[in-house]
Amino acid sequence: MDIDSLTKGIGLVSNTITTLKKLKELIPSGDKKQDIEQNLEEAEKNIKIAEAEIAKGFNFQLCYRHFPPGIMLEIAPFKSKCNTCGNVEDYDS
Ligand SMILES: [Zn+2]
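Residues numbered from 1 in each chain as written. Predicted model: local features only at pLDDT ≥ 70, side-chain atom pairs only at ≥ 80, totals over all residues. Heavy atoms only, no water.

K.L.:
Looking at this model, I keep getting lost on the overall build of the protein. Mind explaining?
P.N.:
Secondary structure assignment for the protein yields 2 helices and 4 strands. Tracing the protein from N to C terminus, the helices and strands come up as α-α-β-β-β-β. Over its C-alpha trace the protein gives a radius of gyration of 16 Å, far above what one expects of a compact globule, namely 12 Å for 93 residues. The principal-axis extent of the C-alpha atoms belonging to the protein is close to 55 × 30 × 15 Å. Looking at the protein residue by residue over its 93 residues, the buried ones come to 22%. Charge centroids of the protein, computed over 12 positive and 15 negative side chains, lie 5 Å from each other. (Helix = DSSP H or I, 4+ residues; strand = E, 2+ residues; numbered from the N terminus. Rg over C-alpha atoms; globule rule 2.2 N^0.38 Å. Buried < 20%, exposed > 50% of the residue type's maximum accessible area, 1.4 Å probe, protein only. Lys, Arg positive; Asp, Glu negative; His and termini not counted. Charge placed at Lys NZ, Arg CZ, Asp CG, Glu CD.)

K.L.:
Even after reading the chapter, I still don't get the coordination of the zinc ion, so can you show me in this structure?
P.N.:
Around a metal, the ideal angle is 109.5 degrees if four donors adopt a tetrahedral arrangement and 90 or 180 degrees if six donors adopt an octahedral arrangement. Within the protein, the zinc ion binds to Cys-63 (SG), His-66 (NE2), Cys-82 (SG) and Cys-85 (SG); these donor distances fall in the range 2.0 to 2.3 Å. Between the 4 donor atoms coordinating the zinc ion, the angles at the centre fall across 106 to 115°, so the site counts as tetrahedral. Expressed as a motif, the donor residue spacing for the zinc ion is C-x2-H-x15-C-x2-C. According to the relative accessible area criterion, Cys-82 is buried, its value standing at 4%. (Donors = N, O, S within 2.8 Å, 3.2 Å for Na, K, Ca; no water. Tetrahedral: all angles 85-135°; square planar, octahedral: opposite > 155°, others 65-115°.)

K.L.:
Can you walk me through the pairing of strand β3 (residues 79–82) in this structure?
P.N.:
Side-chain direction in a regular strand flips from residue to residue, so the side chains alternate between the two faces of the sheet. Across the two faces of β3 the burial differs, with Ser-80 and Cys-82 buried and Lys-79 and Lys-81 not buried at all. Of the pairings in the sheet, the one linking strand β2 (residues 70–76) to β3 comprises 4 bridges and is antiparallel in character. Along β3, the bridge assignment pairs Met-72 with Cys-82. In this antiparallel pair of consecutive strands, β2 and β3, the connection spans 2 residues, and Phe-78 shows a positive phi of 60°. Connecting the antiparallel pair β3 and strand β4 (residues 88–90) is a turn made up of 5 residues, with Gly-86 showing a positive phi of about 80°. (Pairing = 2+ DSSP bridges.)

K.L.:
I would appreciate a short explanation of the pattern of salt bridges in the present structure.
P.N.:
Summed over all chains, the structure comprises 4 salt bridges. Where Glu-44 meets Lys-21, a salt bridge forms, and the shortest distance between an N and an O atom there is 2.9 Å. Of this pair, Glu-44 sits in helix α2 (residues 31–57) while Lys-21 sits in helix α1 (residues 3–24), and the two are 23 residues apart along the sequence. For Glu-44, a relative accessible area of 27% puts it in the partly exposed group. The shortest N-O distance in the salt bridge between Glu-37 and Lys-24 comes to 3.6 Å. In this pair, Glu-37 is assigned in helix α2 and Lys-24 in helix α1, connecting sequence segments 13 residues apart. With a relative accessible area of 29%, Glu-37 lands in the partly exposed category. A relative accessible area of 10% means that Lys-24 is categorised as buried. Through salt bridges with shared partners, a single ionic network connects Lys-24, Glu-25 and Glu-37. (Salt bridge = Lys/Arg side-chain N within 4 Å of Asp/Glu carboxyl O.)

See the structure below:
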């Protein structure tokens, strides 16, 4: 398994959440709609945490300036940038 297929898989799950969010708009306002909103937000957060955990498993640097942590991509030797907030950090290999 490589990081590309994992990232694609996570992307598909994220797209599903987006679709569900659109469907949610069709539901009349009320207690149940609020429940659904909460559950979707929870699911979205869990996907981001899963993404970070997987990245960690592949030895990617993680940015802990926010939660869930962002994935840091290498932009130069020993320099990586957070995919979420743009934070740039130097690191030793
Ligand atoms: Zn960040």
